[in-house]
Amino acid sequence: MARYFVQQKYQLSFSQSREALDELKSRGDLTPEQHGELMKIIGFRNVLVHDYLDVNDGIVQAIVTKKQYLILEKWMVVWHGELDECEPDCPNENK
């Protein structure tokens, strides 16, 4: 979603979500704290996908119990809302 948001809002294309988040931070769309939270999620996703045999079950249980994954929903709503607000001034179609 971060890559899509950057592409729609700024007409920039990134192949990795980390790059898109760095761009959003540099443009002031994310605070350093928000950037850090989202980077942790990307890192955890990479562990799940690429190093799944060594995943710490306690960490997964804590994330689920504390519902830390809900930050993703928050950002999807925020970014979708921003794209809706800039319409029709957004450089690209966002629907």
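Shown above is the structure to which this text applies.
This text gives an overview of the structure that appears in the document. Numbers given to residues run from 1 along each chain, matching the order in which its sequence is written. Totals for whole chains, interfaces and linings use every residue, but because this is a predicted model, local features are given only for residues with pLDDT of at least 70 and side-chain atom pairs only at 80 or more, for both listing and counting. Each side-chain value is worked out from all heavy atoms of the structure, with water and hydrogens disregarded.

## Some thoughts on the nonpolar core
Only buried residues count toward a nonpolar core. Its members are Ala, Val, Leu, Ile, Met, Phe, Trp, Tyr and Cys residues joined through side-chain atoms within 4.5 Å. Any residue under 20% of the maximum accessible area for its type is buried, any over 50% is exposed, and the rest in between are partly exposed; the area is computed with a 1.4 Å probe on protein chains only. Ranked by internal contacts, the top residues of the largest apolar core, which has 15 residues, are A2, L21, L24, L30, L38, W75 and W79. Runs of E in the DSSP output that reach at least two residues are strands. Runs of H or I that reach at least four are helices, and both are numbered from the N terminus. Within the residue set of this core, elements represented by two or more residues are α1 (2-10), α2 (17-26), α3 (32-50) and α5 (70-86). Whether two residues are in contact is decided by their heavy atoms, any of which lying within 4.5 Å being enough. Leaving out residues up to four positions away in the same chain, L38 has contacts with L21, L30, L72, W75 and W79.

## Focus: α5
Expected span of a helix, by definition, is 1.5 Å for each gap between consecutive residues, and there is one gap fewer than residues. Helix length check: α5 (17 residues) gives 25 Å between terminal C-alpha atoms against 24 Å at 1.5 Å per residue, within 8%. Taken together, the buried positions of α5 are occupied by I71, W75, W79 and L83. Considered in projection along α5, the buried side chains sweep an arc of 100° and stay on one side of the axis. More than 90 degrees from the buried face of α5, the exposed residues found are V77 and E85. Residues of α5 that are buried make contact with α1, α2 and α3. Starting at the helix axis, one direction is taken to each C-beta atom, and the arc is that of these directions.

## Structural notes on the packing of α1 against α2
A pair of packed helices can be characterised by two numbers: the angle between their axes and the separation between those axes. Every angle, taken between N-to-C directions, lies between 0 and 180 degrees, and every axis is a line fitted to C-alpha atoms, over only the stretch in contact when it is a helix. Running from N to C, α1 and α2 cross one another at 50°; their axes reach a closest spacing of 8 Å. When the interaxial angle is binned, α1 and α2 end up oblique. The two elements α1 and α2 cross, and the hand of that crossing is left-handed. Here A2, R3, F5, V6 and Y10 of α1 come into contact with α2, specifically with S17, A20, L21, E23 and L24. Only Asp, Glu, Lys and Arg are considered charged, only Ala, Val, Leu, Ile, Met, Phe, Trp, Tyr, Cys and Pro nonpolar, and every remaining residue, Gly among them, polar. Residue composition of the contact of α1 with α2, by class: 7 nonpolar, 1 polar and 2 charged. Reported orientations rely on four angle classes, namely roughly parallel under 35 degrees, roughly antiparallel over 145, roughly perpendicular from 65 to 115, and oblique for the rest. Whether a crossing is left-handed or right-handed is set by the direction in which the near helix is turned from the far one by less than a right angle, anticlockwise for left-handed and clockwise for right-handed.

## Digging into the pattern of salt bridges
What makes a salt bridge here is a side-chain nitrogen of Lys or Arg within 4 Å of a carboxyl oxygen of Asp or Glu, nothing more. Scanning all chains against the criterion turns up 3 salt bridges. Among the salt bridges present, the one from D29 reaches K9, with a minimum N-O distance of 3.0 Å. Taken together, the residues D29 in the loop between α2 and α3 and K9 in helix α1 connect sequence positions 20 residues apart. What makes K9 partly exposed here is its relative accessible area of 28%. Residue R27 pairs with E23 through a salt bridge whose shortest N-O separation is 2.6 Å. When salt bridges that share partners are traced, they join K9, D29 and E82 into one network.

Without other data, these values stay purely geometric and don't point to any function.
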